[in-house]
Amino acid sequence: STFDKVGGVQTFNKFFYEALKENKIQYTIISLHDKNSPCEYIRSCNSNYIKFLYLIFKFHKRNNIIIWQHVSLTIFIPILKLLGMKSRNIITVYGTEVWGKKLSFLKRIGFQLNDAYWCISNFTANEIFSKFKIEKNKINLLPCCLKIPNKIINEKNPYQNKMNILTILRLDKSGKLNAIFEILKAMEILRKEFVDLHFTILGEGNYKTQILKIIKKNKLQDKVSLLGFKKNTKPFLQHCDLFTLNSPLEGFGIVYLEAMLYKKACIASKGCGSEDVVLNNKTGYSIPLNDINQLVNVIRKILVNKQLSKKMGLNGYNHLIENFSFEKFKENQMRLLKSYYK
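Presented here is a report on the structure given in the accompanying data block. All figures in this text were calculated on a predicted structure; none of them were measured in a lab.

### Topic: unusual backbone geometry
Backbone geometry follows two general trends: most residues other than glycine have a negative phi, and most peptide bonds adopt the trans configuration.
Now for step 1: Non-glycine residue K133 carries a positive phi angle of around 55 degrees.
Now for step 2: Along the chain, K133 turns up in the loop between helix 6 (122–132) and strand 6 (139–141).

Structural data, given as structure tokens:
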């Protein structure tokens, strides 16, 4: 559902298609779950599995590469092989959809039948190597990216408070909500020291009511704002004092790049894909889950030491420009395609 839904995988996929176009690679998109086709080169199947298979056969040519962009689609690979299709198969591997849960038998078989694995982070690459015994020479990195604007527009400050911690995520029940729960615990300690400190949460989901109850239970209503989904997050990113997404389930975390564009120091979890993005002690801090004391200490450092915060923010911006721009993504994509054809 790349075009009907919003999320990290969907954003990655859109950049992937745009890069193919700019690299002048001929391609067709066949989307299993999207309802509508935004343009002529996208065929949407509205969850019709028969139509999906039919379109693959219709557009397939002998020298085609099929690039699967979610592990759930790999259940079709054994079927296609049984039906005599000899296409080469590549899968782009994001994160928890592969290493965060136990795959069904069919998904596991299909996943292991790919000829190449393009992973968005070193953590994801290492996880699929260890969990699925994928040959190392089949695994490559294709990190996420962000388009860098020629000029940063000065947005109106949406905050009324002097200091703001910001996080952006979906509020569905999962381990990712630790990103909120840990900051709420830290706020209980920090609110005595930083009277004007505020925690802003952007995102919608079916766990929103429960989060509001936790905020009320801990008497943090005046310290926390749960603002729901915001189409334009730029003002919040530009004017926050630090960005945090302290979740151990990040395959990468494109939203860190969005914060780095505005030169913000970031806090992330240790032991997940975000360690490629948030470089510990350089662009921010990567800390272990459930270590509230360390979380409080690094938040305090960033808020108190403005020079450190500014330095980390600039390091993050340079890290973004050098490694995760859309131009770099296009180069990486073309390099991988050329090496694969060889």
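### Quick look at the sheet that holds strand 9 (residues 224–226)
Now for step 1: In space, the six strands of this open sheet follow the order 9-8-7-10-11-12, with parallel pairing throughout. Of all the strands in the sheet, just strand 9 and strand 12 (284–287) have a single pairing partner and so form its edges. Each strand axis lies, on average, 20 degrees off the axis of its neighbour in the sheet, ignoring direction.
Now for step 2: When strand 11 (residues 266–269) meets strand 12, the two strands line up parallel, connected through four bridges. Residue pairing for strand 12: S269 is matched across the bridge by I287.
Now for step 3: The strands that helix 11 (residues 292–304) touches are strand 7 (163–168), strand 8 (197–202), strand 10 (242–245), strand 11 and strand 12; relative to strand 12, the one it contacts most, it runs at about 180 degrees.

### Quick notes on the sheet that holds strand 6
Hydrogen bonding along the main chain pairs the strands of a sheet, whether they run parallel or antiparallel.
Now for step 1: Strand order in the open sheet made by the four strands is 3-4-5-6, with parallel pairing throughout. In this open sheet, the two strands that pair with only one neighbour each are strand 3 (65–68) and strand 6. With strand direction ignored, the average angle separating the axes of adjacent strands in the sheet is 25 degrees.
Now for step 2: Alignment of strand 3 against strand 4 (residues 88–93), held across four bridges, turns out to be parallel. Within strand 4, the residue paired with I67 across the bridge is I90.

### Concerning helix 1 (residues 8–22)
Now for step 1: Taking 1.5 Å of rise per residue, the 15 residues of helix 1 would be expected to cover 21 Å, and the 21 Å separating its terminal C-alpha atoms lies within 8% of that figure.
Now for step 2: All of the buried residues in helix 1 are V9, Q10, F12, N13, F15, F16, Y17, A19 and L20.
Now for step 3: Following helix 1 by one or two positions, K24 adopts a phi angle in the positive range, close to 60 degrees.

### Focus on the pattern of salt bridges
Now for step 1: One pass over the full model with this rule turns up eleven salt bridges.
Now for step 2: Between E250 and K176 there is a salt bridge, and its shortest N-O distance comes to 3.7 Å. Of the two residues, E250 sits in the loop between strand 10 and helix 10 (254–261) while K176 sits in the loop between strand 7 and helix 7 (178–190), which places them 74 residues apart along the sequence.
Now for step 3: Between K306 and D241 there is a salt bridge, with its nearest N and O atoms 3.9 Å apart.

### Observations concerning the environment of K61
Now for step 1: Position of K61 relative to the elements: it lies in the loop between helix 2 (49–59) and strand 3.
Now for step 2: Of the residues examined, K61 reaches a relative accessible area of 54% and is grouped as exposed.
Now for step 3: Note: C-alpha distance between K61 and K86 (25 residues apart in sequence) is 9.6 Å.

### Some words on the nonpolar core
Now for step 1: L166, I180, F199, F243 and I299 are the most contacted members of the largest nonpolar core, which totals 84 residues.
Now for step 2: What F243 contacts, discounting residues up to four positions off in sequence, is L166, T167, I168, L237, V255, Y256, A259, A265, C266 and I267.
Now for step 3: Counting residues in hydrophobic clusters, the runner-up holds 26 residues, among them L55, I66, I91 and Y117.

Rules used in this analysis
- Residues numbered from 1 in each chain as written.
- Predicted model: local features only at pLDDT ≥ 70, side-chain atom pairs only at ≥ 80, totals over all residues.
- Heavy atoms only, no water.
- Helix = DSSP H or I, 4+ residues; strand = E, 2+ residues; numbered from the N terminus.
- Pairing = 2+ DSSP bridges.
- Axes fitted to C-alpha atoms, helices over the stretch in contact; angles between N-to-C directions.
- Contact = heavy atoms within 4.5 Å.
- Expected span 1.5 Å × (residues − 1).
- Buried < 20%, exposed > 50% of the residue type's maximum accessible area, 1.4 Å probe, protein only.
- Salt bridge = Lys/Arg side-chain N within 4 Å of Asp/Glu carboxyl O.
- Core = buried A, V, L, I, M, F, W, Y, C linked by side-chain atoms within 4.5 Å.

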